[in-house]
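Listed below are the residues making up each chain.
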There are 2 protein chains.
Amino acid sequence: MQLDNDPQDPVWFDSWRGVLFASARILQVADRDMLEHDGFPLTWFDVLARLFDAPPAGMRMQELEELALFNRGGMTRLVDRIEAASLVRREPVPGDRRGVRVVLTAEGRNRYAAALLRHRQVIEREFGRRLTPAQHRAIADALWSWWHDVGPADATQDSG
Amino acid sequence: MQLDNDPQDPVWFDSWRGVLFASARILQVADRDMLEHDGFPLTWFDVLARLFDAPPAGMRMQELEELALFNRGGMTRLVDRIEAASLVRREPVPGDRRGVRVVLTAEGRNRYAAALLRHRQVIEREFGRRLTPAQHRAIADALWSWWHDVGPADATQDSG
DNA sequence: AGTCAGTAATTGCCAGAACAGGAACATTGC
DNA sequence: GCAATGTTCCTGTTCTGGCAATTACTGACT
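Residues numbered from 1 in each chain as written. Chains lettered and ligands numbered in written order. Predicted model: local features only at pLDDT ≥ 70, side-chain atom pairs only at ≥ 80, totals over all residues. Heavy atoms only, no water.

### Details of the environment of B:Glu124
Stage number 1. One can find B:Glu124 in helix α5 (residues 106-126).
Stage number 2. Overall, the relative accessible area of 29% leaves B:Glu124 in the partly exposed class.
Stage number 3. Considered as a pair, B:Glu124 and B:Trp16 are 108 residues apart in the sequence and their alpha carbons are 21 Å apart.
Stage number 4. Setting aside anything within four residues of it in sequence, one finds B:Glu124 in contact with A:Trp12 and B:Arg129. (Helix = DSSP H or I, 4+ residues; strand = E, 2+ residues; numbered from the N terminus. Buried < 20%, exposed > 50% of the residue type's maximum accessible area, 1.4 Å probe, protein only. Contact = heavy atoms within 4.5 Å.)

Below is the structure:
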């Protein structure tokens, strides 16, 4: 936010604006592209991705909810919609009749694979090609820990 | 997406995941914090920020809509809500009776300034302190062009 | 067995977001 | 002056998201 570049802004603020604007702009493009070509938005893609990487028995609703990047809460309704589109199936958990396992259908698997392929092309075009490999390496190293689940330690303390 | 780290993934994909996960996680925290302490979400903050940096005459709806980071369409309704909270005012455009200028009210200016102060503290805590200045500098340099409006040129061509 | 706190997921409700359509106005060319 | 075309913003409608309450079940304790 705060578009004008105030020369007294600390470095981390410029860095943050870069991360923020890049992801926001690229997601706008990617979401629109996915909706148009694959027929579902990134929120679905996020869920399908988790299930694709999950063991074949699928995942519990709670796990999905915790891992979801884009939507906080409302996972029941979201899975309802994805299920109505036959990309996903709810199955009983063997030993716990309260629980539900969410599993990819064959169609869901195929549609996800196709969407992933296209999505990667979009990201490559909008992001990958626009920086040098050295720049990508620097960013990947710096932000590595955010997608490796928990946030990293304080850089001013020594911890690695 | 695609949580597991496939060793054959290109560098730009790791880099992208870093940007994506970092911004998503940090925005979740920042949005919740702002809602709780300032009484409005990041979508409002985004609009207020544009107006704060705009000339005193304010901005047209269209400009706001184009620049908005978080909000896809529906700017009329969004400005309705912000206006109902007295943070913003619609004024006629002298010479074009279709048009509207959206202007910050005094209260809007104050509330924005307070929110910005707190927001920066949150970002510093969640992001600023977690990387070294060198890392921040690298990211800021690489992603500079995304918040300097249009995306950068292809890194494989020479353009700077 | 019977009760009771704890857990998993769904439902209802309302604010907010997305999308299409339309009214009011400006601008251009005749 | 007048019609044709594009702009600017709003309204109607439908869908999504967030939160609290609810249902259905489990596991432990008596």
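From this point, things continue past the structure.
### Some points on the protein's contact with DNA strand C
Stage number 1. Surrounding DNA strand C, one finds 18 residues, the nearest of these being A:Arg90, A:Arg98, B:Arg72, B:Arg81 and B:Arg98.
Stage number 2. In the interface set of DNA strand C, defined as its atoms within 4 Å of the protein, sugar plus phosphate atoms amount to 70%.
Stage number 3. At a separation of 3.0 Å, a phosphate oxygen of DNA strand C approaches a polar side-chain atom of A:Arg60.
Stage number 4. Note that a base nitrogen of DNA strand C is positioned 3.0 Å from one of the side-chain N or O atoms of A:Arg77.
Stage number 5. Within the residue set of the surface near DNA strand C, elements represented by two or more residues are α3 (61-67), α4 (75-84) and β3 (96-104) of chain A together with α4 (75-84) and β3 (96-104) of chain B.
Stage number 6. Counted by class, the surface near DNA strand C contains two nonpolar, six polar and ten charged residues. (Near = heavy atom within 4 Å. Polar contact = N/O pair within 3.5 Å; in protein donor to acceptor, adjacent residues only side chain to side chain. Nonpolar A, V, L, I, M, F, W, Y, C, P; charged D, E, K, R; others polar.)

Just geometry here; none of it tells us what the structure is for.
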